Amino acid sequence: MKEIKFRLEDIESAAKEFLEGIGEDRIFLLEGEMGSGKTTFISEVCRRLGARDDIGSPTFSIVNEYMDGDGNSIYHFDLYRIESERELLDMGAEEYFDSGNLCFIEWPDRLGRLRPDEAREVEIIVEDNGERLLRF
């Protein structure tokens, strides 16, 4: 497990180091308390990959799609409002997960049995001094 400490104002370097350390993994489950910086971190990762879209939280749309600099899709899920696995099945979540594209999933505890086996856990912990600890 890799750990990176960063402040939100230095998130660019944390995103760069994260991308250097993910290897061939494509599905990431982001854990962290509300306000820990999950969406901010995903936004910076997408920017580093060349996404030029307006990157924000897909809280109401559940999933946002961004394009990286090579034209590949990046999927960003916010499952906070999901109440059942059926909702995920109805929206075709498994097709996103099986696409081979990068998938970032906030609130992965809502996945239930749909949690992909190959998913990599990513945790953002807010420390007392305001720094973030990124574990993946």
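Quick caveat: nothing in here was measured; it's all calculated off a predicted structure. (Residues numbered from 1 in each chain as written. Predicted model: local features only at pLDDT ≥ 70, side-chain atom pairs only at ≥ 80, totals over all residues. Heavy atoms only, no water.)

### Digging into the packing of helix α1 (residues 11–21) against helix α2 (residues 38–48)
Working step 1: In contact at an axis separation of 9 Å, α1 and α2 are set at 70° when each is read in the N-to-C sense. It follows from the interaxial angle that α1 and α2 lie roughly perpendicular. You can see that α1 and α2 cross each other, and the crossing is right-handed. Between α1, through Ile11, Glu12, Ala14, Ala15, Lys16, Phe18 and Leu19, and α2, the contact on the second element is made entirely by Thr40, Phe41, Glu44, Val45 and Arg48.
Working step 2: Within the contact of α1 with α2, the residues separate by chemical class into 7 nonpolar, 1 polar and 4 charged. (Axes fitted to C-alpha atoms, helices over the stretch in contact; angles between N-to-C directions. Helix = DSSP H or I, 4+ residues; strand = E, 2+ residues; numbered from the N terminus. Parallel < 35°, antiparallel > 145°, perpendicular 65-115°, else oblique. Left-handed = near helix turned anticlockwise from the far one by under 90°. Contact = heavy atoms within 4.5 Å. Nonpolar A, V, L, I, M, F, W, Y, C, P; charged D, E, K, R; others polar.)

### Describing the pairing of strand β4 (residues 73–78)
Working step 1: Counting buried positions over the 6 residues of β4 gives 6, a clear majority of the element.
Working step 2: The side-chain alternation of β4 yields two buried faces, one formed by Ser73, Tyr75 and Phe77 and the other by Ile74, His76 and Asp78.
Working step 3: Examined bridge by bridge, strand β3 (residues 63–67) and β4 share 5 bridges and lie antiparallel to one another. By the bridge assignment for β4, Val63 is matched with Phe77.
Working step 4: When β4 meets strand β5 (residues 102–106), the two strands line up parallel, connected through 5 bridges. Each bridged residue has a counterpart across the sheet, and for Tyr75 the counterpart in β5 is Cys103. (Buried < 20%, exposed > 50% of the residue type's maximum accessible area, 1.4 Å probe, protein only. Pairing = 2+ DSSP bridges.)

### Overview of the sheet that holds strand β6 (residues 120–126)
Working step 1: Across the sheet, 7 strands lie side by side as β1-β7-β6-β2-β5-β4-β3; this open sheet has mixed pairing. Here the strands that pair on one side only, and so sit at the sheet edges, are β1 (3–6) and β3. Put simply, the sheet's adjacent strands are angled 20° from each other on average, direction ignored.
Working step 2: With 4 bridges joining them, β1 and strand β7 (residues 132–135) adopt antiparallel strand pairing. Following the sheet pairing, Glu3 is matched in β7 by Arg135.

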